[in-house]
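Chain by chain, the residues run as shown.
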Amino acid sequence: MEQELFEPQYKEIFPFWDEISETDREFICQNSFALTYPKGTNIHNGNECSGVILVRSGSLRLYMMSEEGKDITLYRLHKGDICMLSASCVLQTITFDVFVDAEDDSECYIISGSAFAEISERNPKIKIFALETAVSRFSDVMWVMQQILFMSMDKRLAIFLCDEAARTNSDTVMMTHGQIARYIGSAREVVSRMLKYFANEGIVEVSRKGIKILDKNRLRKSTL
């Protein structure tokens, strides 16, 4: 039953799938779980080994938390994306704490971290895939750090609004000021002040429905 549910998806996303034994494929499927997380649910808390997460629907947010409770969004995962940083028992060189929340109602497939670690030890191609998947996300993390350390607030906000509009294929970003602040590593008051500035310049329109982009060209110029 497990193999019928999970194998079609794993065959599509794992390049090593057809190169491992039938026994190993069955083992992965037998140690997989289909779980649904309501919006706002914490899925992975720090350096625990929650397992390898495959997003089937919805979206997840990965972030780091300071001792004072301030969080910084590292990146977000959407349908078809894989999270390896939630499986510290697979990638033992990952020693920093990463948290994962469902930012929308999300359906995920979870492969047991210990099972994935066991099978990767006897299949080098699986271990290479795990490392490559994790490393590919570090470019996203470095981009976030670059923005926080070296970019002005107006540029960071403009980049986020442009990226979100492109991702959703909509001129309206349906988020609160607090949510945007969390994503770009700032304070809600700062985001509200910058949105007011953009609104006064005729670049956006701010309402309870969200932030509507009125002048995409000028917003893009703000990112340069």
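Refer to the structure presented above.
Residues numbered from 1 in each chain as written. Predicted model: local features only at pLDDT ≥ 70, side-chain atom pairs only at ≥ 80, totals over all residues. Heavy atoms only, no water.

Visitor: With reference to specific residues and values, describe the side chain of R156.
Guide: Among the structural elements, R156 can be located in helix α5 (residues 153–168). For the buried R156, no salt bridge is present, and the opposite-charge side chain at shortest range is D154, 8.7 Å distant. Apart from the residues lying within four places of it in its own chain, the contact partners of R156 are Q147, I148, M151, I184, G185 and S186. (Helix = DSSP H or I, 4+ residues; strand = E, 2+ residues; numbered from the N terminus. Buried < 20%, exposed > 50% of the residue type's maximum accessible area, 1.4 Å probe, protein only. Lys, Arg positive; Asp, Glu negative; His and termini not counted. Salt bridge = Lys/Arg side-chain N within 4 Å of Asp/Glu carboxyl O. Contact = heavy atoms within 4.5 Å.)

Visitor: How would you summarise the nonpolar core if you had to cite specific residues and measurements?
Guide: Residues Y10, F14, L60 and M84 are the most contacted members of the largest nonpolar core, which totals 42 residues. By residue number, the principal contributor to this core is helix α4 (residues 124–150), which donates 5 residues. The next biggest cluster of nonpolar side chains, apart from the first, holds 21 residues, and it includes M175, A181, Y183 and L219. (Core = buried A, V, L, I, M, F, W, Y, C linked by side-chain atoms within 4.5 Å.)

Visitor: Give a detailed account of the environment of H177, specifying residues and quantitative values.
Guide: Structurally, H177 is set in helix α6 (residues 177–184). Among the residues examined, H177 registers a relative accessible area of 21% and is labelled partly exposed. Counting along the chain gives 13 residues from H177 to V190, while the straight-line C-alpha distance between them is 9.1 Å.

Visitor: How would you summarise the pattern of salt bridges if you had to cite specific residues and measurements?
Guide: Under the defined criterion, the tally for this structure stands at 16 salt bridges. Here R167 and E164 are joined by a salt bridge, their closest N and O atoms 2.7 Å apart. Residue R167 and its partner E164 are both found in helix α5; the two are separated by 3 residues, about one turn of the helix. A residue is classified by how much of its surface remains accessible, and R167, at 42% relative accessible area, is partly exposed. Note on E164: relative accessible area 6%, which makes it buried. Residue D171 pairs with K216 through a salt bridge whose shortest N-O separation is 2.9 Å. Note that D171 is positioned in the loop between α5 and β9 (172–173) and K216 in helix α8 (residues 216–222), a separation of 45 residues in sequence. Residue class for K216 comes out partly exposed when judged on its relative accessible area of 39%. Residues joined in a network through salt bridges with shared partners are R76, E103, E164 and R167.

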